[in-house]
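So the chains spell out like this:
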Amino acid sequence: MAPSDPTQQQPSGSASAKRKRVPSGKAARRRGTVVAAASKDEERQQVRSRVDEVLASPLSAFALFAFAQRAAVKRGKPSITVRELVKTVGERWLLLSEEEQRGYHDMARTGAAMGPMVAFGADLSPQG
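Here is what the cut-offs are and how they apply
Residues numbered from 1 in each chain as written. Predicted model: local features only at pLDDT ≥ 70, side-chain atom pairs only at ≥ 80, totals over all residues. Heavy atoms only, no water. Helix = DSSP H or I, 4+ residues; strand = E, 2+ residues; numbered from the N terminus. Polar contact = N/O pair within 3.5 Å; in protein donor to acceptor, adjacent residues only side chain to side chain. Contact = heavy atoms within 4.5 Å. Core = buried A, V, L, I, M, F, W, Y, C linked by side-chain atoms within 4.5 Å. Buried < 20%, exposed > 50% of the residue type's maximum accessible area, 1.4 Å probe, protein only. Patch = residues over 30% accessible without salt bridge, like charges linked within 9 Å, V, L, I, M, F, W, Y side chains within 5 Å. Areas by Shrake-Rupley, 256 points an atom, 1.4 Å probe, with all protein chains shown as cover. Salt bridge = Lys/Arg side-chain N within 4 Å of Asp/Glu carboxyl O. Axes fitted to C-alpha atoms, helices over the stretch in contact; angles between N-to-C directions. Left-handed = near helix turned anticlockwise from the far one by under 90°. Phe/Tyr/Trp six-rings, centres within 6.5 Å; stacked < 30°, edge-to-face > 60°.

1. Digging into the side chain of Gln101
- Within the secondary structure layout, Gln101 lies in helix α6 (residues 98-110).
- Within the local environment of Gln101, its side chain forms a polar contact with the backbone oxygen of Trp93, the two atoms lying 2.9 Å apart.
- Setting aside chain neighbours within four positions, we find Gln101 in contact with Trp93, Leu94 and Leu96.

Structural data, given as structure tokens:
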């Protein structure tokens, strides 16, 4: 019995016959998953090396200020979105005096290895 709606008729040749079967489970493991695993390991290594580069590079004065302010802003408004958080921190940065900003610029200039300290929650308030 043919379908009454012509839009639901299958074109010549079965649609399932045109699809390529993707192996899974044991068959996939036998057919080259080892190659895929090697490329995943290489990809992970590339990501790790990039993260190490970023953490080793010095942070900007604004980045140091943003890390210092993030917790305070989140405490004040726990449901804040990332976009609102960045906007709020940027507005706070612009409200700082030149002297207060200079404190963060000095920390950025002298703290070349500040990245790992920030990652582990170091207090980055300027001293004096």
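Past the structure itself, the notes keep going.
2. Points about the nonpolar core
- Ranked by internal contacts, the top residues of the largest apolar core, which has 14 residues, are Leu64, Phe65, Trp93 and Tyr104.
- Beyond its immediate chain neighbours, meaning those up to four positions away, Phe65 contacts Val89, Arg92, Trp93, Leu96 and Tyr104.

3. So, a nonpolar patch on the surface
- Where nonpolar side chains cluster on the molecular surface, the patch consists of Val47, Val51 and Leu55 and spans about 220 Å² of accessible area.
- Within the element layout of this structure, Leu55 appears in helix α3 (residues 33-56).
- Given a relative accessible area of 32%, Leu55 falls into the partly exposed group.

4. Section: the packing of helix α4 (residues 61-76) against helix α5 (residues 82-95)
- Interhelical geometry of α4 versus α5 gives an angle of 120 degrees and a closest axis separation of 9 Å. α5 is crossed by α4, and the crossing has right-handed handedness. Across the interface between the two elements, Ala61, Phe62, Phe65, Ala66, Gln69, Arg70, Ala72, Val73 and Lys74 from α4 touch Leu85, Thr88, Val89, Gly90, Arg92 and Trp93 from α5.

5. A short note on the packing of aromatic side chains
- Under the definition given, this model contains 4 aromatic pairs.
- Plain terms: the ring middles of Phe62 and Trp93 are 5.8 Å apart, the flat faces sit at 80 degrees to each other, and that makes the pair edge-to-face. In this pair, Phe62 is assigned in helix α4 and Trp93 in helix α5, connecting sequence segments 31 residues apart.
- Residues Phe65 and Tyr104 carry aromatic rings whose centres are separated by 5.3 Å and whose planes lie at 85 degrees to one another, so their mutual orientation is edge-to-face. With Phe65 in helix α4 and Tyr104 in helix α6, this pair connects stretches of sequence that are 39 residues apart. In this structure, Phe65 and Tyr104 share a single accessibility class: buried.

6. Things to note about the pattern of salt bridges
- Evaluated as defined, the whole model comprises 3 salt bridges.
- In this structure, Arg44 and Asp41 form a salt bridge, with 3.5 Å as the shortest nitrogen-oxygen distance. You can see Arg44 and its partner Asp41 sitting in helix α3, 3 residues apart, about one turn around the helix.
- Residue Arg109 pairs with Asp106 through a salt bridge whose shortest N-O separation is 2.6 Å. One end of the pair is Arg109 and the other is Asp106, both in helix α6 and 3 residues apart, which spans about a single turn.
- Look at Arg109 and you get exposed, because its relative accessible area is 61%.
- Residue class for Asp106 comes out partly exposed when judged on its relative accessible area of 35%.

Any link to function would need more than the numbers given here.
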